[in-house]
Each structure stands twice: as C-alpha cells, then as structure tokens.
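# Breakdown of the fold
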Amino acid sequence: MKIGIIGATGWLGSALGRRLLANKIVQEDDLILFNRSGPRADYHGCRGVIWARDITDLARRSEVIVVSVRPEDWPGLGLIAPDRLVLSFMAGVRIAALAATQGRVIRAMPNAAAEIGRSYSPFFAAPEATALDRERTRRIISAIGTTDELSSEAQVDVMTALPGSGAAYPALLAEAMLGFAREQGLSEDIACRAVAATISGGAELLAGRIGEVGALLDAYRAYRGPTGAGIDRAIAEGFSGAVKTALVAATKKASEMG
Ligand SMILES: NC(=O)C1=CN([C@@H]2O[C@H](COP(=O)(O)OP(=O)(O)OC[C@H]3O[C@@H](n4cnc5c(N)ncnc54)[C@H](OP(=O)(O)O)[C@@H]3O)[C@@H](O)[C@H]2O)C=CC1
Ligand SMILES: O=C(O)[C@@H]1CCC=N1
C-alpha cells in the first residue's frame, strides 16, 4: 500500500509517519511525503522515504492520500486525486468540499495521543468509499490507536470536539489545579507533582473503567470527606454544565468551519 501524507512534518502527520514506519505498516519506499517547508534528510531515522516534488507528484505516486494540513491551508492545496482514497484528518472540512479532489473520501478524526499510539480516531466514509478503502483506513489508523466507523458526518463534528481535543481539557483542569496549589504556597516542583498525580494518575486509574465513573464518584462521596465535599461543590458551581456547554460550542464550531 503506497501511502502519501500531505503535512508529513506536522503534529499529527509526523506522528502518523513515524508510527507507520515503526509498526512496519508501510515500507520506507512506499511512504510518500509532502509538506510546506521542504524535505528532511532524515525522517524519524529513515532515509528511504520518498519526498514528493509537489502535490501532483504525491497524488500520482500514492494509493491512499492522508490530508493532514490545517483547514485554512486546504483551499490552496489544489489536490486532484482521481481513483485514490483521500483520508482527511482535517477538522471541519466537509466531504462535499473534499469531493473536489475527485477521490474517494473518508474523514477520520485523530488527536494528539497519536504521538503515543493512543489516539481514538473514528471515521466516516463517503458513499463511494469501498470495502478496501475502509480496510486500508483501519490499517493506517491502527498505527496511532483505535477507531470506529461513524454513521453520519455530523458525528465527526462531535468527535472533533471530544476526542479530537486530545489533552486540551485535562490541561484546562490541570491549569486550575496548579493555580490552587501555587496559591496554597506549594513550590512549583511539588505543585506540578501533585497535579500530575491527580490528572495523569487519576486518568490511568480510569483506563477501561470510564463507563463506571458515576459509581466511582459515589464511592468517593460515601466517605463524606474532603473529596466528596470538593466534587459536590464543583457540581453546585456549574462544573458539569460548563463542560457540556464547552463541548456543544466546539461541536458547533466544527460544523460551521468548512
Ligand atoms: N493536532 C491535533 O491534535 C489535531 C489535529 N487535527 C487536524 O489535523 C490537521 C493537521 O493538524 P496538525 O498536525 O496539528 O497541524 P500542524 O500545523 O502541526 O501541521 C500542518 C502540516 O501541514 C503542512 N502544510 C501546511 N501548508 C501546506 C501546503 N500548502 N502544502 C503542503 N503541506 C502544508 C505543514 O508543513 P510544514 O511542516 O513544512 O510547516 C505541516 O506539516 C488539521 O486539519 C487539524 O484540524 C484534528 C484533531 C486533532
Ligand atoms: O482545531 C481543533 O480543534 C483540532 C484540535 C487541535 C487541532 N485541531
């Protein structure tokens, strides 16, 4: 499978390229790369990858074309890729716009956890996508994590808001906790270690148990101690409503972009 990555040196494109090679999902000379700033002599330690001369050269050489540029850079790309699978990572750029490539279009929504192979990257396939296109999409995404096929393009907007946000919402929570820790006079090192334990340690505890968070919160409340007092005060102050409002706004933004 000859895979082209437009945006191969970006946050997601670089993670995908590195993990496709590391997991031997693609041989070096079957990976065709293109970016804005020009070829790299060494791409994640590999020197046998192909750097396309231009986007037409990439399209000609590739069977699957991953589009991993920012949405604002999409209009200027001029990608024409008949008889190819065009696999878009772009937030907000709709299938109707991607149809201009003359390719068979699938939209996937990865996130920055692709760096560590932990991205949940669901996809939605346009009607013309074949069974082989779906199989290839799943194989490519397997390099950066897991996936599901979605039943509507509107769900891609929801997924852009939710898993697409990567570490953003945990970072927002961590920033508030760091502010509290510093106000309590903790040194920066101890404040960071305390918040890391809370955010990262807590996240690891939740792995595989997300469906049980209600029971877990009730278990903390049952102690009638500081944690129960804290989470109930957060809810009383509108924490849950604020999170839902944020995700509604992000979904709306995704739906209005392209
Ligand atoms: N980052 C994330 O967590 C998520 C990103 N996405 C989506 O994925 C896409 C990529 O995001 P991200 O990787 O963060 O973006 P980056 O800005 O990190 O990377 C963008 C890439 O596009 C390349 N590029 C820009 N313009 C052109 C052009 N005209 N021709 C060829 N290459 C070009 C850049 O080249 P160069 O390196 O030379 O500058 C770079 O490699 C976006 O559409 C984004 O919405 C979706 C969900 C999460
Ligand atoms: O713009 C976004 O919301 C997504 C997440 C980070 C990059 N793209």
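Fair warning: this is a prediction, and the values are worked out from it, not measured in the lab. (Residues numbered from 1 in each chain as written. Chains lettered and ligands numbered in written order. Predicted model: local features only at pLDDT ≥ 70, side-chain atom pairs only at ≥ 80, totals over all residues. Heavy atoms only, no water.)

## Notes on the UniProt feature "domain: Pyrroline-5-carboxylate reductase dimerisation" (unreviewed entry) in the chain
Feature annotation in UniProt places "domain: Pyrroline-5-carboxylate reductase dimerisation" (unreviewed entry) on residues 153–257, given in this structure's numbering. Along residues 153–257 the backbone is 78% helical and 0% strand, and the end-to-end C-alpha distance reaches 13 Å. (UniProt positions renumbered as here; feature names shortened; annotations may be inferred. Helix = DSSP H or I, 4+ residues; strand = E, 2+ residues; numbered from the N terminus.)

## Considering the nonpolar core
Grouped together as the largest cluster of nonpolar side chains are 31 residues, with contacts concentrated most on Ile-5, Leu-20 and Leu-31. In this structure, Leu-58, Met-90, Leu-98 and Met-109 belong to the second largest nonpolar core, which totals 26 residues. (Core = buried A, V, L, I, M, F, W, Y, C linked by side-chain atoms within 4.5 Å. Buried < 20%, exposed > 50% of the residue type's maximum accessible area, 1.4 Å probe, protein only.)

## Brief notes about the layout of surface pockets
Here the largest pocket defines a volume of roughly 2800 Å³. Surrounding the largest pocket, 50 residues form its lining, Pro-170, Leu-173, Ala-203, Leu-206 and Ile-210 being those nearest its centre. Those elements that place two or more of their residues in the lining of the largest pocket are α6 (168–183), α7 (188–206), α8 (213–221), α9 (226–236) and α10 (239–257). If one sorts the elements of the lining of the largest pocket by residue count, α7 sits on top with 10 residues. A class-by-class count of the residues in the lining of the largest pocket yields 34 nonpolar, 11 polar and 5 charged. If you count residues domain by domain, the lining of the largest pocket takes at least three from each of domain 1 (3–153) and domain 2 (167–257). Its volume calculated, the second largest pocket comes out at about 1000 Å³. Among the elements of the structure, α1 (11–22), α5 (154–161) and α10 are those that each provide at least two residues to the lining of the second largest pocket. (1 Å grid on protein atoms, 1.4 Å probe; cavity = no way out; pocket = protein on both sides within 12 Å on 5 of 7 lines; lining within 4 Å. Points joined across faces, edges and corners; volume = space filled by probe spheres on them. Nonpolar A, V, L, I, M, F, W, Y, C, P; charged D, E, K, R; others polar. Domains from an automatic or database assignment.)

## Thoughts on the UniProt feature "binding site: NADP(+)" (unreviewed entry) in the chain
With numbering aligned to this structure, UniProt lists the feature "binding site: NADP(+)" (unreviewed entry) at Ile-6, Gly-7, Ala-8, Thr-9, Gly-10, Trp-11 and Leu-12. Here the residues from the annotation list that line the second largest pocket are Ile-6, Gly-7, Thr-9, Gly-10, Trp-11 and Leu-12. With respect to the element layout, Ala-8 can be found in the loop between β1 (3–6) and α1. Excluding residues within four positions of it along the chain, Ala-8 makes contact with Gly-13, Ser-14, Leu-33, Phe-34, Asn-35 and Tyr-43. As for its position among the elements, Gly-10 is in the loop between β1 and α1. (Contact = heavy atoms within 4.5 Å.)

## Observations concerning α1
For an α-helix, 3.6 residues make a turn, and residues three or four places apart therefore share a direction. Here α1 spans 17 Å end to end across 12 residues, near enough to the 16 Å set by a 1.5 Å rise per residue. The set of residues buried in α1 consists of Leu-12, Gly-13, Ser-14, Ala-15, Leu-16, Gly-17, Leu-20 and Leu-21. On its buried face, α1 is in contact with β1, β2 (31–34), β4 (64–67) and α4 (131–141). Within two residues after α1, Lys-24 carries a phi angle of roughly 55°, on the positive side. (Expected span 1.5 Å × (residues − 1).)

## What to know about the site of ligand 1
Around ligand 1 sit 24 residues, and of these Thr-9, Trp-11, Ser-37, Val-69 and Arg-70 come closest. Between ligand 1 and the protein, one listed contact pairs an oxygen atom with a backbone N or O atom of Val-69 at 2.6 Å. Within the backbone of Phe-89, a nitrogen or oxygen atom sits 3.5 Å from an oxygen atom of ligand 1. Notes on ligand 1: free accessible area 890 Å², of which the protein chains cover 83%. (Near = heavy atom within 4 Å. Polar contact = N/O pair within 3.5 Å; in protein donor to acceptor, adjacent residues only side chain to side chain. Areas by Shrake-Rupley, 256 points an atom, 1.4 Å probe, with all protein chains shown as cover.)

## Quick word on the domain arrangement of the chain
One can read the domain layout of the chain as domain 1 (3–153) and domain 2 (167–257). Taking only C-alpha atoms into account, the centre of domain 1 sits 33 Å from that of domain 2.

## Focus: the pattern of salt bridges
A full pass over the atoms with the stated rule returns 16 salt bridges. The closest approach of N and O atoms between Asp-57 and Arg-60, which form a salt bridge, is 2.7 Å. You can see Asp-57 and its partner Arg-60 sitting in helix α2 (residues 55–61), 3 residues apart, about one turn around the helix. Note that Glu-237 and Arg-233 form a salt bridge whose closest N and O atoms lie 3.0 Å from each other. Look at Glu-237 and you get exposed, because its relative accessible area is 58%. (Salt bridge = Lys/Arg side-chain N within 4 Å of Asp/Glu carboxyl O.)

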